[in-house]
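Results of the structural survey
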Amino acid sequence: MTTKTTYIHPTAVVDEGCEIGAGTRIWHFSHLMPGCVLGEDCNIGQNVVVSPNVVLGRNVKVQNNVSIYTGVTCEDDVFLGPSMVFTNVINPRSAVNRRDQYTSTPVGRGASIGANATIVCGNPIGAFALIGAGAVVTRPVPAYALVVGNPARQTGWVSEYGHRLQFNAEGRATCPETGQEYQLEQNQVRRIS
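What counts, and where the lines are drawn
- Residues numbered from 1 in each chain as written.
- Predicted model: local features only at pLDDT ≥ 70, side-chain atom pairs only at ≥ 80, totals over all residues.
- Heavy atoms only, no water.
- Salt bridge = Lys/Arg side-chain N within 4 Å of Asp/Glu carboxyl O.
- Helix = DSSP H or I, 4+ residues; strand = E, 2+ residues; numbered from the N terminus.
- Buried < 20%, exposed > 50% of the residue type's maximum accessible area, 1.4 Å probe, protein only.
- Contact = heavy atoms within 4.5 Å.

1. Looking at the pattern of salt bridges
Counted according to the given criterion, the structure contains 6 salt bridges. Notably, a salt bridge pairs aspartate 41 with lysine 4, separated by 2.8 Å at the nearest N-O pair. Taken together, the positions of aspartate 41 in the loop between β6 (37–38) and β7 (43–44) and lysine 4 in the segment before β1 (7–8) put the pair 37 residues apart, joining distant regions of the chain. Residue lysine 4 is classed as partly exposed on the basis of its relative accessible area of 39%. Among the salt bridges present, the one from arginine 109 reaches aspartate 77, with a minimum N-O distance of 3.8 Å. Of this pair, arginine 109 sits in the loop between β15 (105–107) and β16 (112–113) while aspartate 77 is found in the loop between β12 (72–74) and β13 (79–80), placing the two residues 32 residues apart along the sequence. For arginine 109, a relative accessible area of 41% corresponds to the partly exposed category. Judged by relative accessible area, aspartate 77 falls into the partly exposed class, the value being 24%.

Below you can see the structure in the form of structure tokens.
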């Protein structure tokens, strides 16, 4: 039986007190701060900062130049695109210390956040949601929602494989790649097969 090994590039800084799952890879010039938790098989790109107490689930992919601030949690299989941004204070001021006022931002399983998107803290991202490149999220995003723009607006629904869903009169849709079926009821989507 082969054991998965963790890889940490020599230029990365990993502070004491981090938990790093087997098979995780941490690339050039990244910094993991005390108390952060990374699940198995994560990929942390170049120049990434993971702040204290951030929790990343299994198989989270973080592209280059992303800072994940205290208050953010990502469930399994989340994708964070290049240079996307999380905030963690609603009303930051240089002269006012608000370190005890960080706002949490949970990101649901399988969600993808596109390049250069901004997620304003306190707005949960639902499972399998797809946030378009450059979007500015200022309100909660439902599971399976497709949101784009500034401010981000929902323009549709997507499957777990990221394909746009077309619902029929009965509120049913099928993913063209997998054949998985979805149901839309009361402005919420769930997978039914």
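2. Structural notes on the environment of serine 51
Take serine 51: it is sitting in the loop between β8 (49–50) and β9 (55–56). Under the relative-accessibility criterion, serine 51 is labelled buried at 7%. Residues serine 51 and methionine 33 lie 18 residues apart in sequence; the distance between their C-alpha atoms is 5.2 Å. Among residues more than four places away in sequence, those in contact with serine 51 are Met33, Cys36, Ile68, Tyr69 and Thr70.

Don't take any of this as a statement about function, it's just geometry.
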